[in-house]
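# Remarks on the overall topology
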Amino acid sequence: MKISLGFLTLAFLFYLTGCTTELDTEPTNILPESEVFTDKALAQSVLANFYASVNYGQTNSNHGNYHLLDEANLSYGPPTTTDDEKVIPRHFFQTYDYGLVRRMNQFLVGIRSSAARSSLLEADRSNLEAQCIFLRAWYHFCMARSFGGMPILGDTVYTYQSGIDPVQFQVPRSTEAGIYDYVIAQCDLAATKLTAAKTTNGSVANKWAALMLKSRAAIYAASIANYGNKITPSVRTQNWEAGIPADQASKYYKIALETAEQVIQQGPYVLQIDPTNLGDSFYKATSVKAGNTEVIWAMDRLRPNVVTQFTNFTMPYSQRDFTEGNALGVVLNLVEAFENKDGSAPQIKTRNDDGSYVFYNSVEDPFSRKDARLWGTVIYPNAPYRQTPVILQAGQLNKSGNEYVLRTSAAGGRDTQGNLVTSINGPVANSDNFVNKTGFLVRKFLDEAPNAGLNPGFSEMWWPRFRIAEAYLIAAEAAFELGDKAKAVTNLNATRRRGGITPVTESSITFNHIVNEYRVEFAFEDHRYWDLKRWRLAHTIWNGTPNDPTAQMYSLFPYKVVAPGDANDGKWVFTKQVSYKMAPNPRNFPLMNYYAAIQPSWRANNPKLVYNPLQ
């Protein structure tokens, strides 16, 4: 197989270095094309490399990914302020790798060759081809959600040779609608050739993964066309490389709805709901592979080569397997997004109107009344991990005369009577490591298997990219926007049922119900950032205003009442305060962040690339 190293450094459209050296060689450490594409196992190994290359966005590979949004804050280190903590960066999770596109196109050339057709079973060859088409579509989707329209190469393998005019490699950006159309068409193509059967742990794409990507791409395009023109009409380029005309919204909503319904009605996946234990069944639906009925496509992990340390870092320090723990604290903002089962206000009340404390009989009282998915997502005070309650206690509330006084200690401290003051887990409002800073820990993707936080084996926890629940929410959203409230209600209540919360009706459903349902259903699954972008809500929710209820991150600290003889002895109170790590930094998303920046060096080498809005 010949490779042009000059092209690899010069081209992939943008000529990142401007180098023009031609180095055509026959590498001795690369198998010839004739062998790669005539052997199923070798072709699969190439695809495995592609699968490993497309893990974009927030994942449980790195717990720090969650720190800058409105789901969780880091609990380690002093409350220093970085530039990224002041303003959500414009390049946040941007996807850009045309070298990968070229390698995928080379694979497609090989797997479509006469040598491959004569050596592989047609069913195997076709499936391998379709997997590559799907992965390429996934890459383009992830690039589009960052940049909008970008150059589309199709199947072309560009090869540079010395003396060739580089103008032929300078491909202009597509429209934003054009790149979503490309993804949708490629998903249709892949779906006709991919297996309809479930794959092991969802690790290999099948027909339903392709249709889920098609549906997601369509709902993104629809909402950009709809809300981009209603809320941020000036955030677009003249020729629609960024932005989609409003009159295209309906078309995309229809595609999204029809495709989501196809997955729901024809696919082998069902919502995983155990009515006898809704919280635990939601945890298992997202975080347990065995018997899973709803994960369609996932980044799987298998010891010894592919593991994650997410459990090691984020598990309760009181139950640590290794040296870490309590690295990530869920913020109160997310906890309060989970509705109360009875439909009452979801905000947790800490003070009465006269300023006195609200006393709770149990530290779990404010949380046990909530959407059961909270239990499956968050470890709140006294909730179990590995069947052992996790003690989160900031301190005591003591009685001094007629006044109540808060008391804290070092983590693990006790009073002279032997009563716990501050838990070893915290929460505390200082720079100590290994102690919680928000009052909550993460449960979703926290492995309950023994020694899952222990070096060197760590955890085989997967990372779901598509779950059947998303098909229901896409169908609900698209139907709502198309004016079919009956269908919207049916699909929205399908996922709300797993939380045991009050169903919505045709007269009560609002767009905010849909926004919040995405938030609580897919917390920590890399949806929140992209959803708020496509709905053009990010700059209003993360508005950078101190003490704003949606921009400022908050913590909730529990205190046990230790006041012998007092009527409230043994009860609990809570205090609400800005989150320690983010106290000076309300989330701030400027308008320019709706599209990542086109780098000047790219445009210098390819003048056909136009800048994004507000560059």
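All values reported here derive from a predicted model rather than from experimental measurement.

Cut-offs used in this document
- Residues numbered from 1 in each chain as written.
- Predicted model: local features only at pLDDT ≥ 70, side-chain atom pairs only at ≥ 80, totals over all residues.
- Heavy atoms only, no water.
- Buried < 20%, exposed > 50% of the residue type's maximum accessible area, 1.4 Å probe, protein only.
- Helix = DSSP H or I, 4+ residues; strand = E, 2+ residues; numbered from the N terminus.
- Contact = heavy atoms within 4.5 Å.
- Salt bridge = Lys/Arg side-chain N within 4 Å of Asp/Glu carboxyl O.
- Phe/Tyr/Trp six-rings, centres within 6.5 Å; stacked < 30°, edge-to-face > 60°.
- Lys NZ or Arg CZ within 6 Å of the ring centre and 35° of its normal.
- Disulfide = S-S within 2.5 Å.
- Axes fitted to C-alpha atoms, helices over the stretch in contact; angles between N-to-C directions.
- Parallel < 35°, antiparallel > 145°, perpendicular 65-115°, else oblique.
- Left-handed = near helix turned anticlockwise from the far one by under 90°.
- Nonpolar A, V, L, I, M, F, W, Y, C, P; charged D, E, K, R; others polar.
- Pairing = 2+ DSSP bridges.
- Patch = residues over 30% accessible without salt bridge, like charges linked within 9 Å, V, L, I, M, F, W, Y side chains within 5 Å.
- Areas by Shrake-Rupley, 256 points an atom, 1.4 Å probe, with all protein chains shown as cover.
- Polar contact = N/O pair within 3.5 Å; in protein donor to acceptor, adjacent residues only side chain to side chain.
- Core = buried A, V, L, I, M, F, W, Y, C linked by side-chain atoms within 4.5 Å.
- Expected span 1.5 Å × (residues − 1).
- pLDDT = per-residue confidence, 0-100.

For helix 11 (residues 278-287), a buried count of nine out of ten residues is recorded, marking the element as mostly surrounded by other parts of the structure. Buried within helix 11 are the following residues: Leu-278, Gly-279, Asp-280, Ser-281, Phe-282, Tyr-283, Ala-285, Thr-286 and Ser-287. In the core, the buried residues of helix 11 are packed alongside strand 4 (295-299), helix 15 (373-377), strand 12 (463-467) and helix 18 (511-521).

A full pass over the atoms with the stated rule returns 30 salt bridges. In this structure, Arg-496 engages Glu-339 in a salt bridge whose closest nitrogen and oxygen atoms are separated by 2.8 Å. Here the residue Arg-496 occupies a position in helix 17 (residues 485-496), and Glu-339 occupies one in the loop between helix 13 (332-337) and helix 14 (365-368), the gap between them amounting to 157 residues. Residues Glu-521 and Arg-373 are paired through a salt bridge, measuring 2.7 Å at the closest nitrogen-oxygen approach. Of this pair, Glu-521 sits in helix 18 while Arg-373 sits in helix 15, and the two are 148 residues apart along the sequence. Relative accessible area serves as the criterion here: at 0%, Arg-373 is assigned to the buried category. Here the salt bridges share partners, and the residues they tie into one network are Glu-294, Asp-371, Arg-373, Lys-444, Arg-467, Arg-498, Glu-517, Glu-521 and Glu-525.

A separate point is the packing of aromatic side chains. Under the defined criterion, the tally for this structure stands at 38 aromatic pairs. The interplanar angle of 80 degrees and the centroid separation of 5.9 Å between the aromatic rings of Phe-50 and Phe-107 together place this pair among those described as edge-to-face. Residue Phe-50 is located in helix 3 (residues 40-52), and its partner Phe-107 is located in helix 5 (residues 98-111); the two are separated by 57 residues in the primary sequence. In this structure Phe-107 comes out as buried when scored by relative accessible area, which is 1%. For the cation-ring pair, Arg-351 lies above Tyr-357, with the distance from its terminal atom to the ring centre recorded as 3.9 Å. A cation over an aromatic ring shows up here: Lys-399 above the ring of Tyr-404, its NZ or CZ 4.9 Å from the ring centre.

Turning our attention to the state of the cysteines. In total, this model carries zero disulfides according to the counting rule given. With no disulfide of its own, Cys-132 lies closest to Cys-187 among cysteine sulfurs, the gap being 13 Å. Here Cys-132 falls in the buried class, since its relative accessible area comes to 0%. With no disulfide of its own, Cys-142 lies closest to Cys-187 among cysteine sulfurs, the gap being 11 Å.

A word on the packing of helix 16 (residues 468-481) against helix 17. Here helix 16 crosses helix 17 at 155 degrees, and the two axes come no closer than 8 Å. Taken together, the axes of helix 16 and helix 17 are roughly antiparallel relative to one another. Handedness of the helix 16/helix 17 crossing: left-handed. From helix 16, Ala-469, Tyr-472, Leu-473, Ala-475, Ala-476, Ala-479 and Phe-480 reach across to helix 17, where they touch Lys-485, Lys-487, Ala-488, Asn-491, Leu-492, Ala-494 and Thr-495. Broken down by class, the residue content of the contact of helix 16 with helix 17 amounts to ten nonpolar, two polar and two charged.

A few words on the sheet that holds strand 10 (residues 403-407). Strands pair in a sheet through their backbones, by hydrogen bonds, and they do so in one of two ways: parallel or antiparallel. Pairing is mixed in the open sheet, where four strands are placed in the order 10-9-13-14. Bordering the open sheet on either side are strand 10 and strand 14 (572-578), each of which pairs with just one other strand. Ignoring which end each strand starts from, the neighbouring axes of this sheet average 35 degrees apart. Of the pairings in the sheet, the one linking strand 9 (residues 395-400) to strand 13 (residues 554-561) comprises three bridges and is parallel in character. Pairing of Gln-396 across the sheet is with Lys-560, part of strand 13.

For the rest of this paragraph, the subject is a nonpolar patch on the surface. A surface patch of nonpolar side chains, amounting to about 250 Å² of accessible area, comprises Leu-591, Met-592 and Leu-614. Note on placement: Leu-591 falls in the loop between strand 14 and helix 21 (600-605).

Moving on, we get to the environment of Ser-61. Relative to the helices and strands, Ser-61 resides in the loop between helix 3 and strand 3 (72-74). When its relative accessible area of 46% is taken as the criterion, Ser-61 is described as partly exposed. In this structure, Ser-61 is in contact with Met-299, Arg-301 and Thr-308, ignoring residues within four places of it in sequence. A polar contact of 2.8 Å, which involves the side chain of Ser-61, links it to the side chain of Arg-301.

Another aspect to go through is the pairing of strand 9. Where a strand is regular, its side chains alternate between the two sheet faces. Bridge count between strand 9 and strand 10: five bridges; the pairing is antiparallel. Its bridge partner lying in strand 10, Leu-397 is registered against Leu-406. Joining the antiparallel neighbours strand 9 and strand 10 is a turn of two residues, in which Gly-401 adopts a positive phi near 65 degrees.

What follows is about the packing of helix 7 (residues 122-147) against helix 9 (residues 207-231). Close contact between helix 7 and helix 9 brings their axes to 11 Å; oriented N to C, the two are set at 20 degrees. Comparing their axes, helix 9 and helix 7 come out roughly parallel. Handedness of the helix 7/helix 9 crossing: left-handed. Contacts from Phe-134, Ala-137, Trp-138, Phe-141 and Arg-145 in helix 7 reach Ala-209, Ala-210, Leu-213, Arg-216, Ala-217 and Tyr-220 in helix 9. For the contact of helix 7 with helix 9, a count of residues per class yields nine nonpolar, no polar and two charged.

Of all hydrophobic cores here, the largest spans 126 residues; its most connected members are Phe-134 and Tyr-180. Considering each element in turn, this core owes the most residues, 15 residues, to helix 9. For Phe-134, the residues in contact, after removing those within four places along its chain, are Ala-190, Leu-194, Ala-205, Ala-209, Ala-210, Leu-213, Trp-297 and Phe-466. Residues Ala-72, Phe-310, Leu-332 and Phe-367 belong to the second largest nonpolar core, which totals 44 residues.

With 18 residues, helix 10 (residues 249-266) should cover 26 Å at 1.5 Å per step; its first-to-last C-alpha distance of 26 Å lies within 8% of that length. Within helix 10, the full set of buried residues consists of Ala-249, Tyr-252, Tyr-253, Ala-256, Leu-257, Thr-259, Ala-260, Glu-261, Val-263 and Ile-264. On the buried face of helix 10, the contacting elements are helix 8 (176-191), helix 9, strand 4, helix 16 and helix 17.

Put simply, the protein has an average pLDDT of 93, and 94% of its residues get 70 or more. Counting contacts from residues 1-29, a segment whose pLDDT is below 50, to residues more than four positions away or on other chains yields 69 contacts.

In this structure, Glu-261 sits in helix 10. Of the residues examined, Glu-261 reaches a relative accessible area of 16% and is grouped as buried. Here the side chain of Glu-261 touches Lys-487 through a polar contact of 3.1 Å, side chain to side chain. Setting aside residues no more than four positions away along its own chain, Glu-261 makes contact with Gln-266 and Lys-487.

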